[in-house]
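Here's the letter readout for the chains.
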Amino acid sequence: MTAPSITTTAQTQTVSRSFDLAAAFKDAAKTALIMLGLSIPILAYKTDQSGADLFLTPRWGLVAIVCAIVFGLRLLIHAFTASRSYARATPSPRQATELVDASPSAFQKASRFGIPFFLGVALAFPFLVYLIQGGLTESRYWVDLGILILTYVMLGWGLNIVVGLAGLLDLGYVAFYAVGAYTYALLSTTFGLSFWICLPLAGILAAFWGMILGFPVLRLRGDYLAIVTLAFGEIIRLVLINWVDLTNGGAGISSIPRATFFGIPFTAGEDGFAATFGLEFNGMHRMIFFYYLILALALLTNFVTMRLRKLPVGRAWEALREDEIACRSLGINTTNTKLTAFSIGAMFGGFAGSFFAVRQGFVSPESFNFLESAIILAIVVLGGMGSQIGVAIAAIVLVGGPEILRNLTFLQAIFGSGFDPNEYRLLLFGVGMVAMMVWRPRGLISEREPSVILKERKAISGSLVKEGHG
Amino acid sequence: MEIFVQQLINGLTLGSIYGLIAIGYTMVFGIIGMVNFAHGDVFMLSAFISLIFFLILTTWLGISSVAVALLIVLVIAMVLTSLWGWAIERIAYRPLRGSFRLAPLISAIGVSIFLSNFVQVAQGARNKPTPPMVQDVIVLFQGASGYNVALSYKQVIIMAVTAVLLTIFWYLVQKTSLGRAQRACEQDRKMAALLGINVDRTISLTFVIGAALASVAGTMYLLYYGVVSFNDGFVPGVKAFTAAVLGGIGSLPGAVLGGLIIGLIETFWSAYFSIEYKDVAAFSILAIVLIFMPSGILGRPEVEKV
């Protein structure tokens, strides 16, 4: 059940400086053998199709490489744990005897400068890229990437209200993203409403859907809740695919009107943005406008969340995450509390969705599958549930990382020209989620900032809080 | 009437497959209280394993008898998928015992994403059709309007294999010491450990059994539909989970019963209402059951202890 405490392991283990090499080798060999067993059919033979027939191509070389890698990794893990248990067995003179460390942690010290720094970089990003790339058109790729990352930051912050603060695992968050996107797409193409009217409408509608879906669901416990939200997410996607009259089915809705700069369109004409402000026309103006739009929306999400945390409702969310039964005994209406978290989270999802629709100019149900939900959840989990800056960092790593992977052309030199690192993106995603849960279940930033302070600010170690019991 | 009987047969076949997968969900939930989200992908993986071995046996080793090939494939797939089940538990779930409640679920989602993309990378993204293995049908009776009610050999094989395996498995859980340990851990893990049961081993074994039954389902799925692709794990997985919940999660007969009910509902829905919304029907049942009847048909109501 529970891991043995550190002191008992230190007492019982006889630690020697040189670890048992033979045993480590034996264990690594065993692991490699298991890997061989795992990879026998699925890696060793590739099914290829020619005409109607399937035939098999053996790939034993690949299996050998994979097994060798696993062998090496296992050996490394052994060496690592051996050195760590040695370090543990010899206590350092400065070892803490108190479980709770009340002095400001390294993270807190860093965050005092880190957060303004991050904000500054985010604000200046298009200019920095413009200077580095030396032109508006050249910087298109980077601004695009910035918009993508910020969209996920915003979605992550929205979901963070539900998962991180209220402790409700929502696997269908993408449904509200879809509601927001389709709200804008349908209202603008059918009634010609502008983006600025649709944006709040999308948020309201998504929040409304959050309430409708949330109301029956919220009596459920942790993992049941997760599965039901997953089911709702899939139902909404399937309805979007099959209700062809309304949504145009799997083909999606295209030619969605583009956003205007508060009424001034981004066109090359007389009354366009460039002409009005006396600039030379460039398609990038719109992209940069989108960048600041999503940055503003994301910061709004963050600001509202930070404020809500300090209100009674926000404190109730966090209390609910820690212990639902205690909450109920203290007279907190758990249904209402969960519902507010659910619908406010959904509202931000709706905002982000409507932004997505206006940026793409095209929406289709395929953009809102379960994987998208899983990616947003991975961002929140990786960031350390409840930590705003952690979520932002995780979004940069998870969304920006694969882009870096894509640009690593030297990998092609190693693995051959047919190697496409992007294929492995989701694979690494899955591995990353598991690894995160195994090694750092509290996420990258596991420290908790207390929302209410009596006299002095103390760090709350991640190991003292438990979430997800709701 | 003819259509009804035909759909009944189809539904029971599909239900057997769902029931086999659902046992894996229900056992794991019973013993460690987690939704093994990756179970559907283990099922998909096992379908690939059996596809590859079926090809090896028929094209390279030249085994012409389909029955022999199928039997060998079934055994090999069970062994190899069990190994996967064991490895997944060892790597992704065992280190998380005693972590916070949602950790295993998130880890399982990670495993699920990993498995489906691993198969995609290793085997390609296209659908894999198999050569038809069993094609003969038995015409049960001829309808007045010329509509024949047919029971194909495939369906007979699927139902028979399911029934036989369930019997063996039932014996394993009810009569052997292994099954007793498993049931003891389900009731109270700490107490079982105090009484000298190796809890970790028992949990591993639960995963192995679940994976083995999923692999039978995978082979049967391949036999029935003749085509498999890397993302075939998700929807059958969710449906089997629905079956487990409907039957009462934690209850083994419930899982099979739930599987049959879900299979019947799905085929009848497709036959009489609309085939487009059949997945919506399955997902809706999941939501409705979880909200209004969380303990299912045969399950025990859960008591929350403080």
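Residues numbered from 1 in each chain as written. Chains lettered and ligands numbered in written order. Predicted model: local features only at pLDDT ≥ 70, side-chain atom pairs only at ≥ 80, totals over all residues. Heavy atoms only, no water.

Moving on to the overall build of chain A. Along its length, chain A carries 18 helices and 2 strands. Looking at chain A as a whole, 47% of its 470 residues qualify as buried. Contacts in chain A between residues far apart in sequence, at least 24 positions, make up 71% of those at least 6 positions apart. Carbon and sulfur atoms provide 66% of the accessible area of chain A, an area that totals close to 23,000 Å². (Helix = DSSP H or I, 4+ residues; strand = E, 2+ residues; numbered from the N terminus. Buried < 20%, exposed > 50% of the residue type's maximum accessible area, 1.4 Å probe, protein only. Contact = heavy atoms within 4.5 Å. Areas by Shrake-Rupley, 256 points an atom, 1.4 Å probe, with all protein chains shown as cover.)

Now for the overall build of chain B. When its secondary structure is counted, chain B shows 11 helices and 4 strands. Taken across its 306 residues, chain B has 58% of its residues classed as buried. In chain B, the proportion of contacts linking residues at least 24 apart, taken out of those at least 6 apart, comes to 75%. When the accessible surface of chain B is split by element, carbon and sulfur atoms take 65% of a total near 12,300 Å².

Right, let's talk about the packing of helix H6 (residues 174–191) of chain A against helix H7 (residues 195–217) of chain A for a bit. Each pair of packed helices can be described by the angle between their axes along with the distance between the axes. All names here are of chain A. Following both chains from N to C, one finds H6 and H7 inclined at 140 degrees, their axes separated by 8 Å at the closest point. Between H6 and H7, the angle is such that the two are oblique. In terms of crossing hand, the pair formed by H6 and H7 is right-handed. Judged by residue contacts, Phe-176, Val-179, Gly-180, Thr-183, Tyr-184 and Leu-187 of H6 engage Phe-195, Cys-198, Leu-201, Ala-202, Leu-205, Ala-206, Trp-209, Gly-210 and Leu-213 from H7. In terms of residue class, the contact of H6 with H7 is made up of 12 nonpolar, 3 polar and no charged. (Axes fitted to C-alpha atoms, helices over the stretch in contact; angles between N-to-C directions. Parallel < 35°, antiparallel > 145°, perpendicular 65-115°, else oblique. Left-handed = near helix turned anticlockwise from the far one by under 90°. Nonpolar A, V, L, I, M, F, W, Y, C, P; charged D, E, K, R; others polar.)

Our focus in this paragraph is the packing of aromatic side chains. All names here are of chain B. Following the criterion strictly, the structure yields 30 aromatic pairs over all chains and no others. For the pair Tyr-224 and Tyr-225, a centre-to-centre distance of 5.1 Å together with 70 degrees between the ring planes defines the contact as edge-to-face. The class for Tyr-224 is buried, based on a relative accessible area of 16%. (Phe/Tyr/Trp six-rings, centres within 6.5 Å; stacked < 30°, edge-to-face > 60°.)

Glancing now at the UniProt feature "transmembrane region" (unreviewed entry) in chain B. Residue and element names in this part refer to chain B. The feature "transmembrane region" (unreviewed entry), as given by UniProt, occupies residues 12–35, 42–61, 67–88, 100–119, 156–173, 203–224, 244–268 and 280–299 in the numbering adopted here. Structurally, residues 12–35 is divided into 88% helix and 0% strand, and its ends, taken at the C-alpha atoms, are 25 Å apart. Here residues 67–88 runs as 100% helix and 0% strand, with 31 Å between its end C-alpha atoms. (UniProt positions renumbered as here; feature names shortened; annotations may be inferred.)

Residue and element names in this part refer to chain B. In terms of burial, strand S3 (residues 148–152) is a largely internal element, 4 of the 5 residues being buried. Where strand S2 (residues 137–142) lies against S3, 5 bridges are found, and the strand directions are antiparallel. Paired with Val-137 across the two strands is Ser-152, which belongs to S3. (Pairing = 2+ DSSP bridges.)

With that settled, the discussion passes to the interface of chain B and chain A. Chain B puts 69 residues into the contact, and the matching count from chain A is 62 residues. Taken together, chain B and chain A are joined by 0 salt bridges. The interface formed by chain B and chain A holds 4 residue pairs in polar contact (both at pLDDT 80 or more) in total. Secondary structure elements with two or more residues in the side of chain B that touches chain A: helix H2 (39–60), helix H3 (66–93), helix H4 (103–123), strand S1 (128–129), helix H7 (189–194), helix H9 (234–247) and helix H11 (278–292) of chain B. If you tally residues by element for the side of chain B that touches chain A, the top one is H4(B), at 14 residues. Considered class by class, the residues forming the side of chain B that touches chain A number 48 nonpolar, 10 polar and 11 charged. (Salt bridge = Lys/Arg side-chain N within 4 Å of Asp/Glu carboxyl O. Polar contact = N/O pair within 3.5 Å; in protein donor to acceptor, adjacent residues only side chain to side chain.)

Structurally, Arg97(B) is set in the loop between H3 and H4. At a separation of 2.3 Å, a polar atom in the side chain of Arg97(B) contacts the side chain of Glu89(B).

The next subject is the pattern of salt bridges. Counted by the stated rule, this structure contains 15 salt bridges over all chains. Its salt-bridge partner being Arg97(B), residue Glu89(B) comes within 2.3 Å of it at the nearest N-O pair. Residue Arg97(B) is classed as buried on the basis of its relative accessible area of 17%. In this structure, a network of salt bridges that share partners links the residues Arg309(A), Glu318(A), Arg321(A) and Glu322(A).

Turning our eyes to something else, we now look at the environment of Lys26(A). Residue and element names in this part refer to chain A. Tracing the backbone through its elements, the reader meets Lys-26 in helix H2 (residues 21–39). With a relative accessible area of 61%, Lys-26 lands in the exposed category. Measuring from C-alpha to C-alpha, the distance between Lys-26 and Leu-75 comes to 9.5 Å, with 49 residues separating the pair along the chain.

The next subject is the nonpolar core. Ranked by size, the top nonpolar core spans 224 residues in total, and within it Val363(A), Leu377(A), Ile379(A), Phe37(B), Tyr93(B), Ile106(B) and Ile109(B) carry the most contacts. Per element, the largest residue contribution to this core is 15 residues, and it comes from helix H5 (residues 140–165) of chain A. Inspection of this core shows a minimum of three residues originating in each of domain 1 (17–89) and domain 2 (108–407 + 440–464) of chain A. Not counting residues within four places of it along the chain, the set of residues in contact with Val363(A) comprises Ala181(A), Tyr182(A), Ala185(A), Gly252(A), Ile253(A), Ile256(A), Phe356(A) and Ala357(A). (Core = buried A, V, L, I, M, F, W, Y, C linked by side-chain atoms within 4.5 Å. Domains from an automatic or database assignment.)

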